[in-house]
Amino acid sequence: MGALAHYLESEGIPTTQISLIREHTEIIRPPRALWVPFELGRPLGAPDAADFQRRVLLEALELLETSEGPVLRDFTEEAPGDGPGAEYGEKGLACPASFAPPPGNETGERALVSAFRREVAELRPWYDLNLKRRGRSTVGYFGPEDALELLSRLALGEAIDVPVHNFDLATALRLAATDLRTFYYEAVLARPGSIGLSGASAFKQWFWNKTAAGRLLRVVKERCAEEEDEALRMTGEIFLVPMDQA
């Protein structure tokens, strides 16, 4: 959007935008941008919070009053439900499974892969229960077992020389990581009361700090950085681990 803003401004059309990743905006330097401290995918902060969303939009539009740029302003309010004492109240996330510790005879990546396999097996019944209740799932191409197999092999440094589900390896890796996070999230949803309005933030903290899956994705990210394939390196750098969790 920042690059598009430069083009539109060159044609005499004033622009303003909302930025979710400040580092990218600092590099692209669009004419006017409002950085917001919200979850990716939530540029207005929170659903069903019309007054708050209006304040975000008005502050972004106010930047049009500046004639020279680039201007990068910070939005200083937390989204409803994200901060302590938020007016909408915050419900935490309760993990629906107590993961068993890894066996003592395994170390390093192999111990991590074993822990990852146990997590997927223990979460599978919760995911299936959520699927039965809702009648649908947003897990796409890679079921949990397929994602487990691909990510585990990459974490262990094992070669994968054939297309996976007819995708090149970089695309397969990106889709598998996305579907894996979705599997964990939908499994957690099966526990009543686990997720409140701030559930996306709570899930993010739980997934990246409490699960073997989160730790394993960091290992895969490091593996990708060592690859000669530029697409794999880019996938590891951008798509596997959020910038604030890398």
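Use the structure listed above.
The shown structure was predicted, so the numbers you read here are calculated from the model rather than taken from an experiment.

Caption draft 1: Summary view of the packing of aromatic side chains. This model, assessed by the stated rule, comprises twelve aromatic pairs. Summarising the aromatic geometry, the rings of Phe38 and Phe75 are spaced 5.9 Å apart at their centres and angled 70° between planes, so their arrangement reads as edge-to-face. Of this pair, Phe38 sits in the loop between β2 (32-35) and α3 (50-62) while Phe75 is found in the loop between β3 (71-74) and α4 (108-134), placing the two residues 37 residues apart along the sequence. For Phe75, a relative accessible area of 2% puts it in the buried group. Where Phe207 meets Trp208, the ring centres are 5.0 Å apart and the plane angle is 85°; that geometry is what we call edge-to-face. Among the aromatic residues, ring-to-ring pairing joins Tyr127, Phe183, Tyr184, Tyr185, Phe203, Trp206, Phe207 and Trp208 into one connected group. Positioned above the aromatic ring of Phe239 is the side chain of Arg174, whose terminal nitrogen or guanidinium carbon lies 5.5 Å from the ring centre.

Caption draft 2: Expanded view of a negative patch on the surface. Together, Glu109, Asp168, Glu222, Glu226, Glu227, Glu228, Asp229 and Glu230 give the surface a local cluster of negative charge. Structurally, Asp168 can be placed in the loop between α5 (144-155) and α6 (169-189). With relative accessibility at 45%, the residue Asp168 sits in the partly exposed group.

Caption draft 3: Region of interest: the pattern of salt bridges. Scanning the entire structure with this criterion turns up nine salt bridges. We note a salt bridge from Glu62 to Arg73, for which the minimum N-O separation is 3.9 Å. Here the residue Glu62 occupies a position in helix α3, and Arg73 occupies one in strand β3, the gap between them amounting to eleven residues. A salt bridge links Arg117 to Glu149, with the shortest nitrogen-to-oxygen separation between them at 3.7 Å.

Caption draft 4: Representation of unusual backbone geometry. Residues other than glycine seldom take positive phi values, yet Arg29 does so here, at roughly 55°. Along the chain, Arg29 turns up in the loop between α2 (22-28) and β2.

Caption draft 5: Geometry of the packing of α6 against helix α8 (residues 212-225). As a packed pair, α6 and α8 sit with axes 12 Å apart at the nearest point and diverge in direction by 170°. By the criterion of interaxial angle, the relationship of α6 to α8 is roughly antiparallel. The residues of α8 that touch α6, namely those facing Leu173, Ala177, Leu180, Arg181 and Tyr184, are Ala213, Leu217, Val220 and Cys224. In terms of residue class, the contact of α6 with α8 is built from eight nonpolar, no polar and one charged.

Caption draft 6: A look at a nonpolar patch on the surface. Taken together, the side chains of Met1, Leu4 and Tyr7 make up a nonpolar region of the molecular surface, amounting to roughly 380 Å² of accessible area. The residue Leu4 is located in helix α1 (residues 2-10) in this model. Residue Leu4 is classed as partly exposed on the basis of its relative accessible area, which comes to 43%.

Caption draft 7: Summary view of the environment of Met1. In this fold, Met1 is placed in the segment before α1. What makes Met1 exposed here is its relative accessible area of 74%. Residues Met1 and Pro30, 29 residues apart in the sequence, show an inter-C-alpha distance of 8.3 Å.

Here is what the cut-offs are and how they apply
Residues numbered from 1 in each chain as written. Predicted model: local features only at pLDDT ≥ 70, side-chain atom pairs only at ≥ 80, totals over all residues. Heavy atoms only, no water. Phe/Tyr/Trp six-rings, centres within 6.5 Å; stacked < 30°, edge-to-face > 60°. Helix = DSSP H or I, 4+ residues; strand = E, 2+ residues; numbered from the N terminus. Buried < 20%, exposed > 50% of the residue type's maximum accessible area, 1.4 Å probe, protein only. Lys NZ or Arg CZ within 6 Å of the ring centre and 35° of its normal. Patch = residues over 30% accessible without salt bridge, like charges linked within 9 Å, V, L, I, M, F, W, Y side chains within 5 Å. Areas by Shrake-Rupley, 256 points an atom, 1.4 Å probe, with all protein chains shown as cover. Salt bridge = Lys/Arg side-chain N within 4 Å of Asp/Glu carboxyl O. Lys, Arg positive; Asp, Glu negative; His and termini not counted. Charge placed at Lys NZ, Arg CZ, Asp CG, Glu CD. Axes fitted to C-alpha atoms, helices over the stretch in contact; angles between N-to-C directions. Parallel < 35°, antiparallel > 145°, perpendicular 65-115°, else oblique. Contact = heavy atoms within 4.5 Å. Nonpolar A, V, L, I, M, F, W, Y, C, P; charged D, E, K, R; others polar.

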